[in-house]
Amino acid sequence: MSSAVFPYKSAIVVTCFPEQSPWLASEIEALGFEVVSTNISEVETVGYMDDCLRLNMWLRTGSRVLYQIQRFPAKNANDLYSRVRAIPWEKYLHADGYFSITSYVKNDTIRDDRFANVRVKDAIVDRMVEKTGKRPDSGPNKDRTVIHIYWKEDKVRIYFDTSGETIAKHGYRKLPFKAPMIESLAASTIRASEWDAQTPFVNPMCGSGTLAIEAALLAINKAPGLERENFGFMHIKGYDEESWQGYQRLAKLQMKAPAPGLKIVASDMNRDAIKAARANAKTAGVEELIDFQLCDFRETQMPEEPGVIMINPEYGERLGEEEKLLEVYRQIGDFFKQKCQGYTGFIFTGNMNLAKSIGLRTSARIPFYNAKIECRLLKYELYKGSKKQKD
């Protein structure tokens, strides 16, 4: 990204789904960035605009990479308008371009976030018309320049959303199946499992295959941004295409062969699920790394060498469903005891009532959210031999 347009380091805020921030922070640190602060759904670091390209390329657990261009106080919408209009947008935006506004607003003078968005849009357009004589288009689409407003009480932060469309989706899931786990959440649960990418990773009830695919991508160190063709940063003035191409080349060079004999297993009793999972894995370029098995989860052929087994069963969100699922959760517990000895077991669920039916003692209960559902990643040490595992 041209240093003439953004010659300075600034705050970079990377957002994520609630409770994913510990795994996102560890990813950001692994890329060499200092973590300045974290909260339930974001991690703050510092860097140049060009660093946003790196973060968009390599982060598996984030949602949006926000580069701060200004911060100021504003008590009301008129303050907001005048301060936003004072920003030199002609340096950042193409006069014949397109931009959209997103926002988080918590200010007593504003009843509807959309009003704040409109005032910001008006301020930008008025400034652009004054300075360039042209009026850029604006609307809801996030496929070009995206400007994010954070306004809490009288504190305002203005960001470029350098991701545009969310990076929580990694682009390979063309065939979803039922309510699939979003890719960044799947990646976060795998990080939380501490799987070493050397031992087997087994995912019964695989649905559209997201967990197995994320495990395979991790095993070959394939950057999630490698196949994506469009980001928000590409539509900001000063975008350095050569810099992005350099990161693409680096990402390809950093890919590696999987560990010798690595086994990743995805099983499901639904033929359409296996079909979708296989198609998604092919799009992701990892179909050959995954052993797809069409079977009931209890018939999954487990690799002899122990590793990680992770199941994301249904939660029984609708009335009457819970009763039917009680037996399924009981069967998962039996399957873990009988066929998964030596493995570390994980169950991702949004129904702790049903989880009691598993009948095994958890060694950890890691909080997550799946959309708006509060969930837990339950960890089980599935010891070989006679160690007691009762609640």
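Summarised in this report is the structure supplied together with it. (Residues numbered from 1 in each chain as written. Predicted model: local features only at pLDDT ≥ 70, side-chain atom pairs only at ≥ 80, totals over all residues. Heavy atoms only, no water.)

**A few points about the sheet that holds strand β3 (residues 42–47)**
Spatial ordering of the open sheet is given by β2-β3-β1-β4-β8-β7-β5-β6, a layout of 8 strands whose pairing is mixed. The open sheet has two free edges, formed respectively by β2 (37–39) and β6 (137–138), since each of these has just one partner strand. Across 6 bridges, the pairing between strand β1 (residues 10–15) and β3 is antiparallel. Counted as the bridge partner of Ser10 is Gly47 from β3. Here helix α2 (residues 49–58) sits on the sheet in contact with β1, β3, β4 (64–73) and β8 (155–161), set at roughly 145 degrees to β4. (Pairing = 2+ DSSP bridges. Helix = DSSP H or I, 4+ residues; strand = E, 2+ residues; numbered from the N terminus. Contact = heavy atoms within 4.5 Å. Axes fitted to C-alpha atoms, helices over the stretch in contact; angles between N-to-C directions.)

**Here we look at helix α5 (residues 183–193)**
Most of α5 is tucked away: 10 of the 11 residues are buried. For α5, the complete set of buried residues consists of Glu183, Ser184, Leu185, Ala186, Ala187, Ser188, Thr189, Ile190, Ala192 and Ser193. (Buried < 20%, exposed > 50% of the residue type's maximum accessible area, 1.4 Å probe, protein only.)

**Quick word on the pairing of β8**
Within β8, 6 of the 7 residues are buried, which leaves it mostly tucked inside the rest of the structure. Where β4 meets β8, 7 bridges bridge the pair, whose relative direction is antiparallel. In the strand pairing of β8, Leu66 is matched with Asp161. Pairing of strand β7 (residues 145–152) with β8 involves 6 bridges; the strand directions are antiparallel. In the sheet register, Ile147 faces β8, and the bridge partner there is Phe160. What sits between the antiparallel neighbours β7 and β8 is a turn of 2 residues, in which Glu153 has the positive phi angle 55 degrees.

**Quick look at the packing of α2 against helix α7 (residues 241–254)**
Taken N-terminus to C-terminus, the directions of α2 and α7 make an angle of 35 degrees; their axes are 10 Å apart at the nearest point. Every pair of crossing elements has a handedness; the one defined by α2 and α7 is right-handed. Touching Asp50, Leu53, Arg54, Met57 and Trp58 of α2 are Ser243, Trp244, Tyr247, Gln248, Leu250, Ala251 and Gln254, all from α7. Taken together, the residues of the contact of α2 with α7 sort by class into 7 nonpolar, 3 polar and 2 charged. (Left-handed = near helix turned anticlockwise from the far one by under 90°. Nonpolar A, V, L, I, M, F, W, Y, C, P; charged D, E, K, R; others polar.)

**Focus on the packing of aromatic side chains**
Overall, the coordinates contain 19 aromatic pairs when judged by the stated rule. Considering the side-chain rings of Phe6 and Tyr92, the 5.2 Å spacing of their centres and the 10 degrees angle between planes classify their relative orientation as stacked. Here Phe6, found in the segment before β1, pairs with Tyr92, found in the loop between α3 (77–85) and β5 (98–106); they are 86 residues apart in sequence, far enough to count as distant. With a centroid separation of 6.0 Å and an interplanar angle of 65 degrees, the aromatic rings of Phe336 and Tyr380 are classed as edge-to-face. Of this pair, Phe336 sits in helix α9 (residues 321–339) while Tyr380 sits in strand β15 (residues 373–381), and the two are 44 residues apart along the sequence. The exposure class of Phe336 is buried, given its relative accessible area of 0%. For Tyr380, a relative accessible area of 1% gives the class buried. Linked through ring pairs, Phe6, Tyr8, Tyr67, Trp89, Tyr92 and Phe160 together constitute an aromatic cluster. When the ring centre of Tyr98 is taken as origin, the NZ or CZ atom of Arg144, which lies over that ring, is 4.1 Å away. (Phe/Tyr/Trp six-rings, centres within 6.5 Å; stacked < 30°, edge-to-face > 60°. Lys NZ or Arg CZ within 6 Å of the ring centre and 35° of its normal.)

**So, the sheet that holds strand β11 (residues 290–294)**
Pairing within the open sheet is mixed, and its 7 strands lie in the order β11-β10-β9-β12-β13-β15-β14. Each of the sheet's edge strands pairs with one partner strand only, and the pair in question is β11 and β14 (364–370). Across the sheet, the mean angle separating the axes of adjacent strands is 20 degrees when strand polarity is ignored. Against the sheet, α5 contacts β9 (201–203), β12 (308–311), β13 (344–349), β14 and β15, and its axis sits at roughly 170 degrees relative to β14.

**Description of the pattern of salt bridges**
Using the criterion set out here, one finds 17 salt bridges in the structure. Of the charged contacts, one joins Lys222 and Glu227 as a salt bridge, the two residues approaching to 3.2 Å between their closest N and O atoms. Two residues, Asp334 and Lys337, come together in a salt bridge whose shortest N-O distance is 3.8 Å. Taken as a pair, Asp334 and Lys337 lie in helix α9 at a separation of 3 residues, close to a single helical turn. Put simply, Arg85, Asp126, Glu130 and Lys131 are held in one network by salt bridges that share partners. (Salt bridge = Lys/Arg side-chain N within 4 Å of Asp/Glu carboxyl O.)

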